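Spelled out, the chains give:
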Amino acid sequence: MSLQRQDRETPEQKEQSVEPEHLNLGMPVNIMVEGSNRQADPVPSKRLRMDTDLNPILTEFLTKCDDFQLFQLTQFYRDRLEQAIKEGVDGLSSLLTYERIFNGQEHRKVTELVEKGNRADSSKLLLNLVMEKGSRARRVMWESFVKMRHGVPKLDKILKEIQELGSDPFGYMNITEGLPELPSNLKDVQQKHKETLRVQTETLRVNTILIKEKVKIFQLVDRYAELTVISTVRDRTLVEHELLARGRDHEEWREKDLQRELEKIRPDQLFQSSFSQRKSKSGSSAAVSGVPGIGKTTMVQKIVYDWATGKIYPHFQFVFSFKFRDLNTINCRISLRNLIRDQYPYFGNVLGELWKNRERLLFIFDGLDEFKGSIDFAENTEPPSMCTDPESWCEVSDIVYSLIQHKLLPGCSVLVTSRPTALHLLEKAGISVWAEILGFNHEEQKEYFNKFFEDQTVAAAVFKHVEESKILYTMCYNPSYCWILGLSLGPFFTQRDRKQQQVPKTITQLYSYYIYNILKNHGREIENPRDVLLKLGEMAFTGVSEKKIVFRNADLIKYNLQPSQFLSGFLMELLERDDSVQSVVYTFPHLTIQEFVAALAQFLTPAPGDIGKLLSEAHSKEDGRFEIFLRFVSGLASAQAAWPLEEILGRFSHQTTCGVIDWVKAKVEGQIGNTEIETSKRNLLNTFHYLFESQNKTLTQNTVGSVETLTFSELRLTPIDCAVLSHVIGLCDTVKHLDLRECSIQCKGLQQLISVLHKCQELSWRTASTSCGSPLPIPRLSYNNLGDSGVEVLSAALKNPDCKIQKLRLDNNTLTDHCAEDLTTALNTNQSLTNLNLSNNKLGDSGVKLLSEALRNPDCKIQKLCLRDVTLTDSCAKALSSALSINQSLTDLNLGNNNLGDSGAKLLSAALRNPDCKIQRLRLNDNSLTDSSAEDLASAVCTNQSLTDLDLNMNKLGDSGMKLLSAALQNPDCKIERLDLGQNGLTDLCAEDLAAFSTNQSLISLNLNSNSFTDQSVPALCHLIQTCRSLEQIVLVSNRFSPNGKRQLESLQEFRPRLCVTCEYSNLAT
């Protein structure tokens, strides 16, 4: 473990000689979280959950580390630690303050940044302070990391990596030590290589729609916008269009997982950093994934440029970058030597020298999804011939395969980029680092438009329009899509003759204007643009069908497109030329442009076939390759999207337009009542997207206008999905049931729906089961993480005078008392809502006190209110009791799974005794009630004339409490029909009190499960069952009856019809 430090001591080591005070690692630690009254020397006031079962390997490792090694460890992981501790930085600061590392002022500085929402700055400040304070501070910090690791996932990941490195991880951290220097005879070659790469990569070519300047050249450093890259890859198997699959969960991953588990990784950290800890000397490999247009190739360009200019990866002496689309042109065997010399001829005969320093080599292969060769590392596939000699002649695929496997030039590093569709090929490749480009966040998108437009006023206007349209905003994480938006929307904000009301509002309209702008600028350069676009569209459609995005001269010839004329005309903006190596290839600037041109061709053909059949075949592809195409076809059937193009291309085929409308209509009618499984729900949602793109109000109203139920439960909905759903519901009459349970819509999605929610009677429902097995409609908007801000939005719908919402379920939505005021205001004015479920939130006593104010309002119409598990205590019981005493509508109240206690039950019982109380069903299960509250409850049961259903399950009433309730049930004024006394610690001692229930004439159902009755109670129970004529069901499961006792009790069912006696779970009615 010890390192030879010699003169490598840090400055603070010379100044400090304090021995580290090791914490007692086996004991829990009290962590202080300061309130408003902060002091210089804080006292721990709140316990932070810590890991007390510490990993002995990590503990021993930290103990053996000397001061310089901890300094080295902190420096090596510093960037990742800044990310990792963000979520727990305030707790960590409290721990360091408790250990006298920070003083009160320093702790306040850290926590103030947290309170302002600047967690990133807070974590940076904390690390700076620790590094300034020296070795003891670093030691205590790392020991604190071990304690709090399980509460901070990113931190836990780092510690696991350190543990997996074994007893001496520092050899890996000294990555530049021991590597040979560049021989003098190679320095000139390296300089030539760097200069060549710099020239190749220093500029960006950006297409425009201007006739005078078709391509603009920008400096890479001026135009490049940073992308967010995460150090993992999402699902590698896609079941829908990859742009939609990534776009669907883009915001959730950015906002949620980047905070908790996913780590951001910079391109310069893909190799020789803490992310790329290789376990052997064979080499390191990285795979970077991203959807089309996300910036993979531009990122590779930036990596090469930064290396060539000396900004990153100084330990790599040579970097070789290849595009898979170029490798496709090599149709013969070749050696790695010749592959490099073909692209970089100035290497001459010096490559043999490079092979000796293979650890200093980086190979980059861009665009695996475009490669025609066979590269598949799966165990069940035949591996290619292994290439182990850079001088040997092999297939290109064998060379690439062997480099990635580190069989060729073991020790070198390899970077591969790919679309998600080809990631499965690398599953078994032993990749050291997996990363995915998430694309732009909100600020990065804004930065892109500011760079795109020279006029910042135009940039601001375009971005504002995009922001306000969730439909257009949905794919703005993708740089290529931002480019299309800029080209299409720019003229509306720069040309005076463009009317603002015509600005595109759908994806199809946007792309229609994109093509229109090109035609407008370049249409004169070709005699028959309609014919050329038809042929191009046919080629594009074949590409979509075959998942092909790269086209060659042979493809153009096949579709009668003349390359020379084609490339010299306006189609330069539709088909880009790439002639970097041996031959010319063409691609559309973005996959969605290819899909749009394919859709457009369907309306240009002079002899349209059966469009319905073609669309059905495309829709049947389960991998979603045609999903965007189908949306474009649906959109082009609308006049709004068609007329700009018809101005130049001529009228679209009326037969095709009618056929598309008929197909969409048939799809809606076939799917609207069939949403039982996830695939069916997804299909219906996609069809709603077709309706939205079509902007055909008549079609929507005819197909969906009279629908009563829409079910999308457990289907994740993005804000754009919610916007589409809002559009459809807005054209409906009244939707009785809208099921959005567990759709993860969050507040952003709810904002898209707010304008139409008032039209729904039940915001959602699901099919549950009663004890008799009959379906029971239950409204649910639960498990959507709406938060308090979501309730603020929803309250606006409830206050709408036209609101028809009757049932609303908001359980499990991370609500707190902060939303109670909005809810109270809404309930005071709403005239339709009768059923409200707020269970499993954190409303607390203060929140329920505010709700009680609404319940006291005579205009409040709530009949059923569920407040189960909302962290209530007896502090709110007085307010609730006051409301129950005067409320004339509430009949069903669920207060289960709280902590009201006996004092709370006493106050509620007083309300139940009030003759104006209308409560019929009351649930007080799991509320810490004892026999002390039984007398008050018994008194209420005797006098209340409306209460028929009382749930006291999971309390501690005991035999003495049972005795008091028994007396109440014998009272002829008692109206109780259903009583739940399960799990109440009842024994044989109260059996005779139970038998006295026989005089009750109203009791229908009695639950006594999970108590401690034995065969001693069987005679008393038999007497009760036989003599209580109203009793229809008694549940006795999980007691202590013998088999004979159970048989004796259940045999009584034979003597009275409809009587159900249950002693076994297997016999319990479902």
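Keep in mind the model is a prediction, meaning the values are calculated, not measured.

A. Local environment of the pairing of strand β13 (residues 735–739). Buried residues dominate β13, accounting for 4 of its 5 residues. Here strand β12 (residues 709–711) pairs with β13 via 3 bridges, running parallel. Bridging across to β13, T709 finds its partner in H737. Here β13 pairs with strand β14 (residues 760–762) via 2 bridges, running parallel. The residue of β14 that forms the bridge with H737 is E762. Assessed by its sense of winding, the connection that carries the chain from β13 through helix α35 (residues 746–753) to β14 is right-handed.

B. Expanded view of the environment of S335. Locating S335 in the fold gives a position in the loop between α15 (324–327) and α16 (336–343). Spatially, the C-alpha atoms of S335 and C387 are 9.2 Å apart, while their sequence positions differ by 52 residues. Apart from the residues lying within four places of it in its own chain, the contact partners of S335 are P390, E391, S392, W393 and I399.

C. Examining the nonpolar core more closely. Counting residues in each nonpolar core, the largest one holds 265 residues, and the members touching the most others are L270, F363, F688 and F712. With 9 residues, the top contributor of residues to this core is helix α23 (residues 507–522). What F712 contacts, discounting residues up to four positions off in sequence, is K681, L684, L685, F688, L717, L725, D739, L740 and C743. Grouped together as the second largest cluster of nonpolar side chains are 34 residues, L58, L81, A84 and L155 included.

D. Quick peek at the confidence of the model for the chain. Of all residues in the chain, 81% attain a pLDDT of 70 or more, and the chain-wide mean is 80. Counting interchain partners and residues more than four positions distant, the pLDDT-below-50 stretch residues 565–570 has 21 contacts.

E. Representation of the packing of helix α39 (residues 877–886) against helix α40 (residues 901–912) in the model. At a minimum axis separation of 8 Å, α39 and α40 run at an interaxial angle of 10 degrees. Classed by the angle they form, the pair α39 and α40 counts as roughly parallel. Like other packed secondary-structure pairs, α39 and α40 cross with a definite hand, here right-handed. Contacts between α39 and α40 involve A877, K878, L880, S881, L884 and S885 from the former and G904, L907, L908 and A911 from the latter. For the contact of α39 with α40, the residue count by class is 6 nonpolar, 3 polar and 1 charged.

F. Region of interest: helix α19 (residues 442–452). Every buried residue of α19 is listed here: E444, Q445, Y448, F449 and F452. Viewed along the axis of α19, the buried residues span an arc of 140 degrees, placing them on a single side of the element.

G. Region of interest: the pattern of salt bridges. Applying the stated criterion to the full structure yields 26 salt bridges. A salt bridge links D156 to K160; its shortest N-O distance comes to 3.3 Å. One end of the pair is D156 and the other is K160, both in helix α8 (residues 153–164) and 4 residues apart, which spans about a single turn. Judged by relative accessible area, which is 10%, D156 ranks as buried.

H. Expanded view of the environment of N683. Mapped onto the secondary structure, N683 falls in helix α32 (residues 678–694). For N683, a relative accessible area of 26% gives the class partly exposed. Taking the C-alpha atoms as reference, N683 lies 9.3 Å from H619; in sequence the two are 64 residues apart. Not counting the four nearest positions on each side in its chain, N683 is found in contact with H619 and Q671.

I. Up close: the packing of aromatic side chains. Scanning all chains against the criterion turns up 35 aromatic pairs. Relative to Y313, the ring of F271 lies with its centre 6.0 Å away and its plane at 70 degrees, an arrangement referred to as edge-to-face. You can see F271 sitting in the loop between α13 (250–260) and β4 (284–289) and its partner Y313 sitting in the loop between α14 (296–308) and β5 (318–323), a full 42 residues away along the chain. Residues F271 and Y313 agree in their burial class; the two are buried. Centre to centre, the rings of F318 and F320 are 6.4 Å apart; their planes meet at 10 degrees, and the pair counts as stacked. A residue is classified by how much of its surface remains accessible, and F318, at 1% relative accessible area, is buried. Taking the relative accessible area as the measure of exposure, F320 reaches 0% and is therefore buried. Ring pairing ties together the aromatic residues F318, F320, Y344, Y346, F347 and F363, which thus form one cluster. Over the ring of W307 we find K194, and its NZ or CZ is 5.0 Å from the ring centre.

Rules of the game
- Residues numbered from 1 in each chain as written.
- Predicted model: local features only at pLDDT ≥ 70, side-chain atom pairs only at ≥ 80, totals over all residues.
- Heavy atoms only, no water.
- Buried < 20%, exposed > 50% of the residue type's maximum accessible area, 1.4 Å probe, protein only.
- Helix = DSSP H or I, 4+ residues; strand = E, 2+ residues; numbered from the N terminus.
- Pairing = 2+ DSSP bridges.
- Right-handed = clockwise from strand over helix to strand, strands pointing away.
- Contact = heavy atoms within 4.5 Å.
- Core = buried A, V, L, I, M, F, W, Y, C linked by side-chain atoms within 4.5 Å.
- pLDDT = per-residue confidence, 0-100.
- Axes fitted to C-alpha atoms, helices over the stretch in contact; angles between N-to-C directions.
- Parallel < 35°, antiparallel > 145°, perpendicular 65-115°, else oblique.
- Left-handed = near helix turned anticlockwise from the far one by under 90°.
- Nonpolar A, V, L, I, M, F, W, Y, C, P; charged D, E, K, R; others polar.
- Arc of directions from axis to C-beta.
- Salt bridge = Lys/Arg side-chain N within 4 Å of Asp/Glu carboxyl O.
- Phe/Tyr/Trp six-rings, centres within 6.5 Å; stacked < 30°, edge-to-face > 60°.
- Lys NZ or Arg CZ within 6 Å of the ring centre and 35° of its normal.

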